[in-house]
Amino acid sequence: MHRLPIMEFFPKAMDKKPKVTLFIQCLVDAVWPQVAEAMVRVLQKLGLSLECPTDQTCCGQPAYNSGYRREACIAAKRFIEIFEGSEIIVSPSGSCVHMVRHHYPELFCDNPAWRQRAQRIAARIYEFTEFLVDVLGVEDVGAHFNGRITYHDSCQLLRGIGVKDQPRRLLRHVAGAEFVEMKNSDYCCGFGGSFAVKYPDISAAMVNDKVDHIIHSGARAVIGCDTGCLLNIAGAVSRRSLSIQTLHIAQLLAKDYL
Amino acid sequence: MPDISPETYVKVAKKGIANPVLQKALAGLQDRFGRGTAEAYRRLPEGPELRFKAHDIREKAIAHLDALLEILAAKIRANGGVVYFAQTAKEAVNYCITVARQNNVHRVVKGKSMVTEEIGLNPALQAAGIEPVETDLGEYIIQLAGEKPSHIIAPAVHKNRHDIADLFVKKTGIRRTTDPSELTQAARKALREKFLSADMGTSGVNIACAETGHITTVSNEGNIRMATTLPRIHIAFMGMERIVARLDEYEILLRLLCRGAAAQTMATYVSYISGPRRPGESDGPDEFHLVILDNGRSRILADPQFKEILYCIRCAACLNVCPVYGKIGGHAYGFAYSGPVGAVVTPLLTGINRAKDLCLGETLCGACMDACPVAIDLPRLLLALREKLAYGDENWQVKPASRMEGLAYKAWSYLIGHRYIYERFLKMAGVGQKLFPRSGTMIRRLPPPLAGWTQSRNFQPLAKETFIEGWRNKKAISNTP
Amino acid sequence: MSTPDQEYFLRRIRRALNSKPDFSHHGSPLFAHAPSPEELQILDNHRRRTAADRNALLSQLMEAALPIHLCVIPVPDLIAAATAIATLAEAKKPEWSAVKNIIVWRHPLIDLMELKAPLNRLKIPLHRTEPMDPAADPTQDRIEREHLRSAVTASYIGVTSADLCMADTATLVLRNRPGQPRSVALVPSIHIAVITLDQIISDMKELFALLRWDDRFRSEGLSNYMAFISGPSKTADIEATMVHGAHGPREVYLYVVSGK
Ligand code: SF4
């Protein structure tokens, strides 16, 4: 399957700022709402008006990744119905955007009507950093941080929707922060949804490698754009009683950290 | 017959993770080849995009597989070769043994080939009283140790120089040395004897070309050239999918194969073979046999969801970037093929239910797809396998892997369809989580089915209030006059 | 000429593909009957190659040869090549026995080198491969081939030419013919190849364009055995340490006669 190009692309430096609809990944919503709050603050600071449908739940990724296509379809239809009227959708999670942008159209491959609706939505959803850098043309949001930071590339974000540079650009503009690359930043952290629970030994080996690389980089904080990975890394960091902070990029940009 | 054990995935994976020698070797392998291959693709004049062209070439070849194989067979026969079409592993093995018996063969030198591993040629030859000798250095080491290859291209990656030194002392009686070059020399010497005295040589086929009627073999050591030049008989084993139509298409695939397999621009030896020695020629085998193998492939071909895996050219590039393979090594996969390609091929060839851990035991990170020289969408294939396991499938005789899980996802789909109930559920869970031991704010231990998470990680508890609740409440406040 | 196993096998494939025998793909033929525009361009470049182009290819070849441990040595003429080979033969020790033997192809270029004289002075016996009589009786045939086999295994150096050499990967292309057995480039510990400057081509694309469409190469096609050789045999199977001389030659030398 070839990947879909982003079909509608908002030009940089728009005259009229679009109305942004938030899609909040279920993990963020339930476990780490600070991430969404931080994102809201950054977007509001940029003068955007926001709305957030309050009946949203999950994009269907957990079911999809476990092979439960039918259940994922149910989630997808619901998502489409809720977000269809939105001008532009922004989400603090690369994997959800990948799901909506690439898997939704494919889920409805033999249902032309739904497929069309899915494609329309697919063209309008952006991951947070992608939205800032590619759509708004913003790389400096006036954030600052004291100390060394490093970045973990989440798999779906990097390989699914090709977001690699955008977060790095934002991080390089954080005043006072020294951005360093860790080894194998593009290696999977071992989260993989239910994989982490079903194959704990393999998953643990992977996340411990990840944490070792973070330690090696000498960073005070590791930054990511997908909460699944961050919960995994934070869980391992905490189990190993390390003092490294695990932050979603929105938290860093909103100066929402200790 | 081949030894197939995908059921032990988790058990063997654990062993691999606990083995420091393996861990070091795998990390080294991935640093070198994983990164090297990406760099080699970037340096292609056409760039990494060439992989998509290769994908199309393979798609076309597979769509015309019948015609291409027919042409290949006709050309090889016209050149004096013998072509045998084997439906099953057993047929392929029996054919080889029959040819060996007819020619009074006592010793077979083998060029590296995963297909012969797949069909279990070595044990079958041994049972027939014929000595198979692996000649690829890595395979030779594995054979001496009585083990299985753990990587498609670097079969002995799990052994370090000390293991190999001990093995050589014990099995070949050389003076102990841990110098790789001296160890290689010892194997070179031992195997030269075997090459010169063998009656039959076997090889695999990397890619065949219908237009010219050739099979090709690719190696760096030269063992395949030896095995296909010196003995009287050469038998090549080919998975039926390993063919392209034209030479210009072959050119693209060969360039990508060398880059994918070893980050090289060209392997040391590439041989194009279309038949036995011709009259007037003074070397080369008297007989050339090509065994074309189905062994479950036509069933994959018949399923549009899975046929893409037949585009695979077994370069092992996907192993070299896979974060799961990088931790567990090749033995966990329990069959000739390991890593991402093994995770897809093994269930399809040996049974999806019995290899269910291979289908489920990856994170779908997608690194394999970017490394694959023919851009196979391995994550999609894994998802398709998972779908079979989720709902069962008559065609593939798959039973649903877990009824409980099926029910859980049904319940989940109801829950996420109703925000109000969903929130109530979260609230309940929020109360429930208070029962579990904590370290600081994090939960230290969870019960099954979530116990796996807390085995080596802490768990961030649910927030008191979801973001959406907060948003709704703020809205409500700002809306009250 | 089809066999029952083949019939059955292909029928299953056809059933899986849900198709009849067919030689076209999306309307375009599976096979080409004329060179593509790209290939025409390549063939044209090949024909128009100037002396300067050839020297540029030689430089490219030498650069590509370096990392793969192939020694490329340009020589002005065949006499110089013969002298260099004799010097090499004197310096190198045989790997498998105490005595030195050298085996060379029967090939116009190598015949012209007249290696016999300098090797005679070094008292190194020279064996030359000869084409066999295709009509010879099997016993005679076997004896001759066994003779070749023992000469090849006794030799520490094998001298061949090549059909072509691809500059971008430093790859020699050898096609099998009577009198030019492949084992000479394989079994001895040192492989020496001698070619002329005009045998260097750019890359695999050019090679295949020539093999497909140029009459000089097309008639013979790929032969029943064509080999690409890029430097000495190597392995990295023990702790990923690169070692040269796994099974094939440990050293490979390429003399390019530039005619200057
Ligand atoms: S799936 Fe792709 S990368 Fe993996 S072995 Fe096959 S061709 Fe190579």
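Here, the structure is the one placed above.
Quick summary incoming for the structure in this document. The numbering scheme is per chain: residues are counted from 1 as the chain's sequence reads. For this description, chains carry letters from A and ligands carry numbers from 1, given in the order in which they are written. Residues qualify for local features only when their pLDDT is at least 70, as the model is predicted, and side-chain atom pairs are given and counted only at 80 or more; totals for whole chains, interfaces and linings, by contrast, use all residues. Hydrogens are left out, water is left out, and the side-chain values use all remaining heavy atoms of the structure.

### Regarding the packing of aromatic side chains
To keep it simple, the criterion reads: Centres within 6.5 Å make a pair out of two Phe, Tyr or Trp rings, where for Trp the six-membered ring is used; the pair is then stacked when the planes are under 30 degrees apart, edge-to-face when over 60, and tilted otherwise. Per the convention used, a helix needs a DSSP run of H or I reaching at least four residues, while a strand needs a run of E reaching at least two, with both numbered from the N terminus. When accessible area is computed with a 1.4 Å probe and restricted to protein chains, residues below 20% of their type maximum are described as buried, those above 50% as exposed, and intermediate ones as partly exposed. Each ring is checked for a lysine NZ or an arginine CZ that lies within 6 Å of its centre and within 35 degrees of its normal; such an atom marks a charge sitting over the ring.
Tallied over the entire structure, the rule returns 26 aromatic pairs over all chains. An angle of 25 degrees between the planes, with centres 4.5 Å apart, marks the rings of Tyr68 of chain A and Tyr409 of chain B as stacked. Here Tyr68 of chain A, found in the loop between helix H3 (61–65) and helix H4 (69–83), pairs with Tyr409 of chain B, found in helix H20 (residues 403–415), and the two come from separate chains. For the residue pair Tyr68 of chain A and Tyr409 of chain B, the accessibility class agrees, reading buried in each case. Consider the rings of Tyr199 of chain A and Tyr9 of chain B, whose centres lie 6.2 Å apart with planes at 85 degrees: the pair is edge-to-face. Here Tyr9 of chain B lies in helix H1 (residues 9–17) and Tyr199 of chain A lies in the loop between helix H10 (195–198) and helix H11 (200–217), a pairing that spans two chains. Of the two residues examined, Tyr199 of chain A and Tyr9 of chain B, each falls in the buried class. Counting every residue linked through ring pairs, the aromatic cluster contains Phe195 and Tyr199 of chain A together with Tyr9, Tyr325 and Tyr333 of chain B. When the ring centre of Tyr337 of chain B is taken as reference, the NZ or CZ atom of Arg314 of chain B above it lies at 4.3 Å.

### Points about the nonpolar core
Definition in use: Joining through side-chain atoms within 4.5 Å is the link that ties buried Ala, Val, Leu, Ile, Met, Phe, Trp, Tyr and Cys residues into a set, and such a set is a nonpolar core. We call two residues in contact when some of their heavy atoms are within 4.5 Å.
Grouped together as the largest cluster of nonpolar side chains are 333 residues, with contacts concentrated most on Leu22 and Leu132 of chain A, Leu69 and Leu254 of chain B together with Phe228 of chain C. Not counting residues up to four positions away in its chain, the partners in contact with Leu132 of chain A are Val42, Leu43, Leu46, Gly137, Val138, Val141, Leu170 and Leu253 of chain A. Counting 14 residues, the second largest nonpolar core, distinct from the first, contains Cys189, Phe191 and Val237 of chain A together with Trp453 of chain B.

### Considerations on the pairing of strand S2 (residues 107–110) of chain B
Residue and element names in this part refer to chain B. Here is the rule: Criterion used throughout: strands pair if DSSP finds at least two bridges between them.
With 4 bridges connecting them, S2 and strand S3 (residues 131–134) associate as parallel partners. Residue pairing across strands places Arg107 opposite Glu131, the latter belonging to S3. Note that S2 and strand S4 (residues 200–203) share 3 bridges and pair parallel. Residue pairing across strands places Val108 opposite Met200, the latter belonging to S4.

### Points about the state of the cysteines
Selection criterion: Working definition: a disulfide is two cysteine sulfur atoms within 2.5 Å of each other.
One pass over the structure, following the stated rule, counts 0 disulfides over all chains. There is no disulfide at Cys96 of chain A, and the cysteine sulfur nearest it, in Cys59 of chain A, is 4.0 Å away.

### Observations concerning helix H3 (residues 50–63) of chain B
Using the following cut-off: To estimate the expected span of a helix, subtract one from its residue number and multiply by 1.5 Å.
Between the first and last C-alpha of H3 of chain B there are 20 Å, a value that for 14 residues agrees with the 20 Å anticipated at 1.5 Å per step. Looking only at H3 of chain B, the buried set comprises Leu50, Arg51, Ala54, His55, Ile57, Arg58, Lys60, Ala61 and Ile62 of chain B.

### Observations regarding the interface of chain B and chain C
Using the following cut-off: Two parts lose some accessible area (1.4 Å probe) when they are put together, and adding that loss for both gives the buried area. By definition, a salt bridge exists where a carboxyl oxygen of Asp or Glu is found within 4 Å of a side-chain nitrogen of Lys or Arg. N or O atoms within 3.5 Å of each other form a polar contact, as long as, within protein, one can give a hydrogen and the other can take it, and as long as residues adjacent in sequence are counted only when both atoms are side-chain atoms.
With 95 residues of chain B in contact, the opposing surface of chain C contributes 80 residues. For the pair chain B and chain C, the summed buried area comes to about 7600 Å², and 57% of that belongs to carbon and sulfur atoms. Contact with chain C buries area across many residues of chain B, yet Arg188, Arg192 and Arg225 of chain B alone supply 10% of it, more than any other trio. On the surface where chain B and chain C come into contact, there are 10 salt bridges. For Arg14 of chain C, the salt bridge is made with Glu70 of chain B, and the minimal N-O distance between the two is 3.0 Å. Taken together, the links from chain B to chain C amount to 45 residue pairs in polar contact (both at pLDDT 80 or more). Counting residues per element, the side of chain B that touches chain C draws most heavily on helix H10 (residues 180–197) of chain B, which supplies 11 residues.

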